[in-house]
2 protein chains.
Amino acid sequence: MASPTRDKIFAAAQDRFHAVGYTACGVQQIVDAAGVPKGSFYNYFKTKEGLALEVLEMYVASSKREILSNAALSPLARIREHFGFFISRYEMDGFGKGCLIGNLSAESSDDVPLLREALKDSLSTWADLLSSVIVEGQAVGEIKLGLEPGAMARFLINSWEGAVLRMKITNDRRPLDDFMSIGMGLLDSKQA
Amino acid sequence: MASPTRDKIFAAAQDRFHAVGYTACGVQQIVDAAGVPKGSFYNYFKTKEGLALEVLEMYVASSKREILSNAALSPLARIREHFGFFISRYEMDGFGKGCLIGNLSAESSDDVPLLREALKDSLSTWADLLSSVIVEGQAVGEIKLGLEPGAMARFLINSWEGAVLRMKITNDRRPLDDFMSIGMGLLDSKQA
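Given the structure is predicted, the values throughout are model-derived calculations rather than measurements. (Residues numbered from 1 in each chain as written. Chains lettered and ligands numbered in written order. Predicted model: local features only at pLDDT ≥ 70, side-chain atom pairs only at ≥ 80, totals over all residues. Heavy atoms only, no water.)

**Description of the overall build of chain A**
Secondary structure assignment for chain A yields nine helices and zero strands. Along its sequence from the N terminus, chain A presents helices and strands in the succession α-α-α-α-α-α-α-α-α. Across its three principal axes, chain A shows a C-alpha extent of roughly 60 × 35 × 35 Å. Looking at chain A as a whole, 55% of its 192 residues qualify as buried. When the accessible surface of chain A is totalled, it reaches about 8100 Å², and 55% of it is carbon and sulfur. (Helix = DSSP H or I, 4+ residues; strand = E, 2+ residues; numbered from the N terminus. Buried < 20%, exposed > 50% of the residue type's maximum accessible area, 1.4 Å probe, protein only. Areas by Shrake-Rupley, 256 points an atom, 1.4 Å probe, with all protein chains shown as cover.)

**What about the domain arrangement of chain A?**
Residue and element names in this part refer to chain A. Taken domain by domain, chain A comprises domain 1 (4-57) and domain 2 (63-187). Tallying the contact residues gives 11 residues for domain 1 and 15 residues for domain 2. Across the interface of domain 1 and domain 2, roughly 1100 Å² is buried in total on both sides, 69% from carbon and sulfur atoms. In terms of surface lost to domain 2, no three residues of domain 1 exceed H18, E49 and L56, which account for 56% of the buried area on that side. Taken together, domain 1 and domain 2 are joined by zero salt bridges. (Domains from an automatic or database assignment. Contact = heavy atoms within 4.5 Å. Buried area = accessible area lost by both parts, 1.4 Å probe. Salt bridge = Lys/Arg side-chain N within 4 Å of Asp/Glu carboxyl O.)

**Here's the deal with the UniProt feature "domain: HTH tetR-type" (unreviewed entry) in chain A**
The sites that UniProt annotates as "domain: HTH tetR-type" (unreviewed entry) are residues 3-63 of chain A. A distance of 25 Å separates the end C-alpha atoms of residues 3-63 of chain A, which is 75% helix and 0% strand. (UniProt positions renumbered as here; feature names shortened; annotations may be inferred.)

**Concerning the interface of chain B and chain A**
Chain B puts 38 residues into the contact, and the matching count from chain A is 38 residues. Considering only the surface of chain B that becomes buried against chain A, F155, R166 and I169 of chain B emerge as the three largest contributors, covering 22% of it. Taken together, the connections running from chain B to chain A amount to two salt bridges. With a closest N to O distance of 2.8 Å, D178 of chain A and R154 of chain B form a salt bridge.

**A look at the pattern of salt bridges**
Taken as a whole and assessed by the stated rule, the structure comprises 16 salt bridges over all chains. Among the ionic pairs, R173 of chain B bridges to E91 of chain B, the shortest N-O distance being 3.8 Å. You can see R173 of chain B sitting in the loop between α8 (149-170) and α9 (174-187) and its partner E91 of chain B sitting in helix α5 (residues 75-92), a full 82 residues away along the chain. Under the relative-accessibility criterion, R173 of chain B is labelled partly exposed at 31%. In this structure, R173 of chain B engages D177 of chain B in a salt bridge whose closest nitrogen and oxygen atoms are separated by 3.2 Å. Taking the relative accessible area as the measure of exposure, D177 of chain B reaches 32% and is therefore partly exposed. Through salt bridges with shared partners, one network takes in E91, R173 and D177 of chain A.

**What about the relation of the copies chain B and chain A?**
Between chain B and chain A, which share one sequence, the superposing operator has a rotation angle of 180° and an axial displacement of 0.0 Å; the RMSD is 0.0 Å. Given the turn and translation reported, the copies of this chain are related as if by a two-fold rotation axis. Comparing interface residues between copies, 100% of those in chain B also lie at the interface in chain A; the contact surface is shared. (Least-squares fit on C-alpha atoms with pLDDT ≥ 70 in both.)

**Considering the packing of helix α6 (residues 100-107) of chain A against α8 of chain B**
Where α6 of chain A contacts α8 of chain B, the two axes come as close as 8 Å, and the packing angle between them is 65°. With respect to the hand of their crossing, α6 of chain A and α8 of chain B are arranged in left-handed fashion. For the pair formed by α6 of chain A and α8 of chain B, the contact residues are G102, S105, A106 and E107 of chain A on the first element and L165, K168 and I169 of chain B on the second. For the contact of α6 of chain A with α8 of chain B, a count of residues per class yields three nonpolar, two polar and two charged. (Axes fitted to C-alpha atoms, helices over the stretch in contact; angles between N-to-C directions. Left-handed = near helix turned anticlockwise from the far one by under 90°. Nonpolar A, V, L, I, M, F, W, Y, C, P; charged D, E, K, R; others polar.)

**Quick word on α6 of chain A**
Of all eight residues in α6 of chain A, eight are buried, a share of seventy percent or more. Turning to α6 of chain A, the residues buried within the fold contact α1 (4-20), α4 (48-61), α7 (113-139) and α8 (149-170) of chain A together with α6 (100-107) and α8 of chain B.

**Re the environment of Q138 of chain B**
Residue and element names in this part refer to chain B. Within the secondary structure, Q138 sits in helix α7 (residues 113-139). Spatially, the C-alpha atom of Q138 lies 9.1 Å from that of L187, the residues being 49 residues apart in sequence. Residues in contact with Q138, not counting those within four places in the same chain, are I143, K144, L145, G146, L147 and P149.

**Quick word on the UniProt feature "DNA-binding region" (unreviewed entry) in chain A**
Within this numbering scheme, the UniProt entry marks residues 26-45 of chain A as carrying the feature "DNA-binding region" (unreviewed entry). The straight-line gap between the two end C-alpha atoms of residues 26-45 of chain A is 13 Å; of that span, 75% is helix and 0% is strand.

**Quick notes on the packing of helix α5 (residues 75-92) of chain A against α8 of chain A**
Residue and element names in this part refer to chain A. Here α5 crosses α8 at 15°, and the two axes come no closer than 13 Å. As the angle between them shows, α5 and α8 are arranged roughly parallel. Crossing angle aside, the handedness with which α5 passes α8 is right-handed. Here F83, F86, I87 and Y90 of α5 come into contact with α8, specifically with W160, V164 and M167. The residue inventory of the contact of α5 with α8, partitioned by class, reads seven nonpolar, no polar and no charged. (Parallel < 35°, antiparallel > 145°, perpendicular 65-115°, else oblique.)

**As for the packing of aromatic side chains**
Describing an aromatic ring pair means giving the distance of the ring centres and the angle of the ring planes. Counted under the stated rule, the structure contains 24 aromatic pairs over all chains. Put simply, the rings of F155 of chain A together with F83, F85, F86, Y90, W126, F155, W160 and F179 of chain B touch in pairs and so form one group of aromatic residues. Positioned above the aromatic ring of Y22 of chain A, the side-chain terminus of K48 of chain A is 4.1 Å from the ring centre. A cation over a ring is seen here: R89 of chain B above Y59 of chain B, with NZ or CZ 5.0 Å from the ring centre. (Phe/Tyr/Trp six-rings, centres within 6.5 Å; stacked < 30°, edge-to-face > 60°. Lys NZ or Arg CZ within 6 Å of the ring centre and 35° of its normal.)

Next comes the structure, spelled out in structure tokens:
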């Protein structure tokens, strides 16, 4: 159900989970940041983990995965555009905040089974999408043959998340540029 | 200065930082886990960040980077052995705990400038070591020419950290295996 209080809690959680992490950010800190009384949290969310699931869903929805299905672009161009979109987003944050999926993954443990499962599903869906674009690119000769699309998609996504992690340390775009040149080079049939 | 109390605090911090993260784990939780009074913490450590720097140093010291300089092995074999050592270590933890460097990187922010700097140095030193092995491998024809060793070393380390992050979600070795086949394939001059 929509409500201004719920929206405030949600926005505060989005910000706090991304900024300080899931474990370090308690319900108290979320309601303080939202400027609402603690009791109101439980009117809208059963648990902090439930709230995190919604925040993750919204994050994924804002990540423009539909670029990967944009038939106006060639398969390889779509993949470049896809990662390029993230780079422009990180640039706006001064290359400091990182990826919420990666940050939550680093904190993932048996204590948050629902969140871990949601992260797993989200990463699998992402890899499946990427894999199908690789298959398309191979069919038109734009992407190297001989690559197993599923394994390559997983490898690229993991490499990307690693690059973003490194970016949080270097606070610059070099790790992302390394990924774009070497990772994309793995796919491009015009490159050795 | 060595002391049993200091050792207990250090061991508790090693475990807690790795298990729940740096931000989520306060000094109180560390001394509780160590079974020592809170005041004793400050007899041995100025700040939690200072303690984390020591924990990181110990973690790096235990990661057998010397494998990369083992002249008894060929350059490519050393690189495989290097990452293979980590795989065996993660296997002992049931593929659940991840890499302390990666976990701390995900939490890194302006709030912990010394820790961020130490992570940056540690990752740079690691990349420099790997880069010099790539140069050696190129010289003996075992590693593909045409790769820029520094960029490739950074890319591989970032990809590795990303694979380890994914491992924390999947709780299996597949992300590491994907890295070993595709990441190592990038180097191997016998592979297309």
